[in-house]
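# Remarks on the overall topology
As a plain string of letters, each chain reads:
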Amino acid sequence: MPPIQPPSLVDRAVAIASLARSPFVCSACRHRQQLSTRANPNQIKNYAKARRRPLQSRSASTTASVTAVNAKREIPPGFQTLHASLKALETDAGIYVNTSQLQLALQGTESENAVTRIAVLGLNGQHGARRLTRALLADPLASESPWERQLTGTDGDERALLLRHGEQADIDDRHPLVKTIPISSPILHNHKLEILVHTISATTEPSNDGAASFLVPGLDIVNSASGRPATVTYPVHKTLVYEEGLNSLGTFATIDAHADQRHNGQMFKGVIDWSWSISQQGITKDQPMSPINLALAEAGHNVFRESLENSVEYEHLWFDAGMPSISGWLAEGTEAQPGAIKPAIRRLIQTICDTANQAVQREETARLAQEKAETITVSAKNIINQGISIWAENAHTELRDRLDAAFNSKSWRKTKWWKLFWRVDDVGYIASDILQRAWLVEAEKEMIWISGRIHQSGLLGPPKLRPTPVPDPDDEEATLGSSPREVSVEDVVPKASMADFTEPPPVLHPWPQHISHARSILSRLTITPLQSLSQALLLQTISTNVLASSLSALLYVSVSTTSPYEAGAIAAVGLVYSLRRLQKRWETARTEWETQTREDGRRVLRNAEENARDVVREGGMPEVDEVGRKERKLAREAVQRVEEALEELRG
């Protein structure tokens with residue numbers, strides 16, 4: 001749209017003549033005139049009574065803003081798909097979009113000629129922004145209006161200003177943060193605009209959304225509950241930032257750096273007010289930065305209001321002030337076309353989609369970075385696997401050498417079959433001593449070191465320690481000034497604690513317990529039977545010898561022809577048989593126990609090695625965020641539906 005040009009002399013003369021012939025009459029006065037000419041006196045009295053009703057009696061529909069969120073409107077048929085997509089975006093991607101900004105976009109789809117809201121933000125104060133707004137909206141053909149004096153005056157009201165086209169009776173100025181001023185402005189009426197005048201700090205840094213954060217200026221409010229300051233966002237479609245002088249060029253550089261290149265400065269514009277004339281050659285409304293001279297623009301208004309003959313001087317001052325590019329930017333994108341959405345509203349919706357996509361991408365990137373940080377590298381796992389291989393080799397060597405030395409030791413030789421007669425009670429002690437001193441002792445210690453390496457690399461979680469006991473409230477000591485408690489049975493008979501009956505739970509060590517558990521099981525399941533077998537065999541041998549000796553003596557006494565040699569032969573046969581059976585069965589049991597001890601050691605080492613390698617292979621993997629992944633997928637799909645609906649309107 002071409003920039004708004006000042007009216008020519010012919011147009012001004014025609015306008016003044018038309019105003020002289022037909023002065024401006026508001027709708028209420030015109031309706032009263034019609035009643036006075038056509039209605040009877042009773043109707044006039046009823047109408048007068050209705051006009052004298054207080055403002056509080058107005059219904060919500062009368063006092064509601066044209067951009068009210070709760071006002072129900074009939075959605076145009078061409079906008080219903082886009083409106084439904086924006087509603088779904090609020091549901092599926094609510095955490096990635098600004099809710100108030102999305103509500104403003106929804107309002108833009110409720111009418112083909114929806115209101116466009118523009119923010120004029122002054123750096124570190126509203127005064128300059130108010131002057132700029134007055135210069136853009138003031139009618140040079142008319143005298144100074146009350147709203148112009150209200151803008152330039154100092155009434156002590158620090159609320160933001162919202163300028164709307166209308167009458168005072170149609171405005172409900174009870175908002176605690178925004179003061180609404182009705183004005184009669186052709187620009188606001190023809191383009192259906194709202195102007196929000198507020199301030200912004202020069203130290204404010206744009207958020208991660210870039211310059212899109214300037215589309216939701218914040219209104220400061222004090223929390224009534226906690227007394228702490230808070231910020232309420234007031235979204236707009238376009239933002240104009242005003243700065244007087246060159247004191248805050250850093251802020252404008254930030255705006256220029258974060259400006260969305262897709263819209264080429266159509267949604268954000270910075271204005272620098274300095275005190276010399278501005279050459280309009282090469283300056284367009286789409287540039288993100290524009291210099292102006294606000295004093296020249298105000299002087300042009302004053303000169304033209306003094307006399308219509310100063311129109312040429314007014315035009316020179318207006319162009320020298322650099323105002324045509326600003327006024328053109330103000331009205332750009334606000335034109336309504338049948339069946340199409342306004343460009344300013346379209347750009348706002350596109351900005352919401354871009355912001356949502358950026359937020360989803362940032363969360364996705366942060367999650368991937370977190371997963372990468374939690375993931376153990378392959379090189380670290382290879383180093384640990386190499387350590388496990390060395391440990392396994394050393395453990396098997398230790399098992400072979402230490403058990404060979406133990407089974408050839410003097411203590412194990414004490415369990416020979418012919419020494420059982422005086423060493424039978426030492427079998428269990430000697431076997432237990434071999435398991436405790438020679439069965440994978442160093443391998444168990446090295447496994448603790450390997451487990452520490454695995455835990456240090458992050459492949460294991462923190463150790464589970466014994467829970468802290470909860471103190472008994474009955475054991476609390478009396479304090480000074482407290483009332484004495486009543487005497488109970490526990491004061492006479494000691495109260496038994498649960499610790500007297502239950503054993504405290506053991507501490508769960510953060511290393512594998514394969515070797516210690518296997519040693520305990522091997523000791524419980526093999527040493528006791530070995531001890532019992534030695535005692536049983538010794539008892540059988542002695543019993544057999546006693547029985548054979550008794551039979552030999554009985555034969556010698558009962559049969560007179562039996563010689564002592566014959567009777568002794570029977571006793572000798574019994575002795576040889578019992579000793580041979582003792583030797584055979586006991587040596588077989590000792591050999592089997594030695595073999596079982598070796599094989600169990602190898603099996604335990606193999607299981608421990610496999611378990612450690614499984615931990616290294618499967619450990620160190622980050623927890624998959626399935627819920628977050630699903631939410632991000634739904635958000636992307638919702639944004640895609642909005643963009644498709646917006647593209648259909650473009651076509």
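The protein has the name Mmc1 C-terminal domain-containing protein in an unreviewed UniProt entry, where Lepraria finkii is given as its organism.

### Some words on the overall build of the protein
Secondary structure summary: the protein contains 22 helices and nine strands in total. When each of the 651 residues of the protein is scored for burial, the buried share is 39%. Taking the intrachain contacts of the protein between residues at least 6 apart in sequence as the baseline, contacts between residues at least 24 apart amount to 74%.

### A few points about empty space enclosed by the protein
Tallying each qualifying case throughout the model produces one cavity of 30 Å³ or more. The space that makes up the largest cavity amounts to roughly 50 Å³. Every residue lining the largest cavity is counted, 10 residues in all, and those nearest its centre are Glu444, Met447, Pro512, His514 and Ile515. Where the lining of the largest cavity is concerned, the elements lending two or more residues are helix 19 (441–456) and helix 20 (514–558). A per-class count over the lining of the largest cavity returns six nonpolar, three polar and one charged.

### Side note on the packing of aromatic side chains
For any pair of aromatic rings, the description consists of the separation of the ring centres together with the inter-plane angle of the planes. What the rule picks out here adds up to six aromatic pairs. Ring plane angle 65° and centroid distance 6.2 Å describe the contact between tryptophan 418 and tryptophan 422, whose orientation is recorded as edge-to-face. An aromatic cluster is present here, built from Phe304, Tyr314 and Trp318 joined pairwise through their rings.

### Considering the side chain of threonine 544
You can see threonine 544 is positioned in helix 20. The exposure class assigned to threonine 544 is buried, which follows from its relative accessible area of 19%. Side-chain polar atoms of threonine 544 contact the backbone oxygen of glutamine 540, separated by 2.7 Å. In this structure the side chain of threonine 544 is engaged in a polar contact, spanning 3.0 Å, whose partner is the side chain of arginine 581. In this structure, threonine 544 is in contact with Gly574, Tyr577, Ser578 and Arg581, ignoring residues within four places of it in sequence.

### Examining the environment of lysine 584
Examined against the element boundaries, lysine 584 turns out to sit in helix 21 (residues 564–618). Under the relative-accessibility criterion, lysine 584 is labelled exposed at 55%. Along the primary structure lysine 584 and tryptophan 417 are separated by 167 residues, whereas in three dimensions their C-alpha atoms are 8.7 Å apart.

### Notes on a nonpolar patch on the surface
A surface patch of nonpolar side chains, amounting to about 530 Å² of accessible area, comprises Trp418, Phe421, Trp422, Ile542 and Val546. Secondary structure elements with two or more residues in the nonpolar patch: helix 17 (420–423) and helix 20.

### A word on the nonpolar core
Soluble globular proteins tend to bury their nonpolar side chains together. Judged by nonpolar contacts, the single largest core of 46 residues is most densely connected at Leu82, Leu86, Leu89, Leu196 and Ile349. Secondary structure elements with two or more residues in this core: helix 5 (80–92), helix 6 (99–108), strand 1 (116–123), strand 2 (160–165), strand 4 (193–200), helix 14 (343–374) and helix 22 (626–650). The element that contributes the greatest number of residues to this core is helix 14, accounting for eight residues. Apart from the residues within four sequence positions on either side, leucine 196 is in contact with Ile118, Ala119, Val120, Ala160, Leu161, Leu162, Val178, Pro217, Tyr234 and Val236. Grouped together as the second largest cluster of nonpolar side chains are 41 residues, Trp412, Ala438, Leu440 and Ile454 included.

### As for the packing of helix 5 against helix 22
Taken N-terminus to C-terminus, the directions of helix 5 and helix 22 make an angle of 165°; their axes are 9 Å apart at the nearest point. When the axis of helix 5 is compared with that of helix 22, the two are roughly antiparallel. Between helix 5 and helix 22 lies a crossing of left-handed hand. Contacts between helix 5 and helix 22 involve Thr81, Leu82, Ser85, Leu86, Ala88, Leu89 and Asp92 from the first element and Glu631, Leu634, Ala635, Ala638, Val639, Arg641, Val642, Ala645, Leu646, Glu648 and Leu649 from the second.

### Structural notes on the pattern of salt bridges
Summed over the entire model, instances satisfying the criterion amount to 21 salt bridges. A salt bridge links glutamate 148 to arginine 134, with the nearest nitrogen and oxygen atoms 3.3 Å apart. On the criterion of sequence distance, the pair formed by glutamate 148 in helix 8 (residues 146–152) and arginine 134 in helix 7 (residues 127–137) is long-range, its members being 14 residues apart.

### A few points about helix 15 (residues 378–407)
Across its 30 residues, helix 15 extends 43 Å between first and last C-alpha, which sits within 8% of the 44 Å expected from 1.5 Å per residue. Every buried residue of helix 15 is listed here: Lys381, Ile384, Ile388, Trp391, Ala392, Ala395, Glu398, Leu399, Leu403, Ala406 and Phe407. Looking at the buried side of helix 15, the elements it contacts are helix 16 (410–413), helix 18 (427–438), helix 19, helix 20 and helix 21.

### Observations concerning the sheet that holds strand 7 (residues 238–244)
Taking strand neighbours across the sheet as the criterion, the seven strands line up as 3-2-4-1-7-8-9 in an open arrangement whose pairing is mixed. Each of the sheet's edge strands pairs with one partner strand only, and the pair in question is strand 3 (178–183) and strand 9 (289–292). Neighbour-to-neighbour, the strand axes of the sheet open up by a mean angle of 20°, direction not taken into account. Of the pairings in the sheet, the one linking strand 1 to strand 4 comprises eight bridges and is parallel in character. Across the sheet, the residue bridging to threonine 116 is leucine 193, located in strand 4.

Rules and cut-offs
Residues numbered from 1 in each chain as written. Predicted model: local features only at pLDDT ≥ 70, side-chain atom pairs only at ≥ 80, totals over all residues. Heavy atoms only, no water. Helix = DSSP H or I, 4+ residues; strand = E, 2+ residues; numbered from the N terminus. Buried < 20%, exposed > 50% of the residue type's maximum accessible area, 1.4 Å probe, protein only. Contact = heavy atoms within 4.5 Å. 1 Å grid on protein atoms, 1.4 Å probe; cavity = no way out; pocket = protein on both sides within 12 Å on 5 of 7 lines; lining within 4 Å. Points joined across faces, edges and corners; volume = space filled by probe spheres on them. Nonpolar A, V, L, I, M, F, W, Y, C, P; charged D, E, K, R; others polar. Phe/Tyr/Trp six-rings, centres within 6.5 Å; stacked < 30°, edge-to-face > 60°. Polar contact = N/O pair within 3.5 Å; in protein donor to acceptor, adjacent residues only side chain to side chain. Patch = residues over 30% accessible without salt bridge, like charges linked within 9 Å, V, L, I, M, F, W, Y side chains within 5 Å. Areas by Shrake-Rupley, 256 points an atom, 1.4 Å probe, with all protein chains shown as cover. Salt bridge = Lys/Arg side-chain N within 4 Å of Asp/Glu carboxyl O. Core = buried A, V, L, I, M, F, W, Y, C linked by side-chain atoms within 4.5 Å. Axes fitted to C-alpha atoms, helices over the stretch in contact; angles between N-to-C directions. Parallel < 35°, antiparallel > 145°, perpendicular 65-115°, else oblique. Left-handed = near helix turned anticlockwise from the far one by under 90°. Expected span 1.5 Å × (residues − 1). Pairing = 2+ DSSP bridges.

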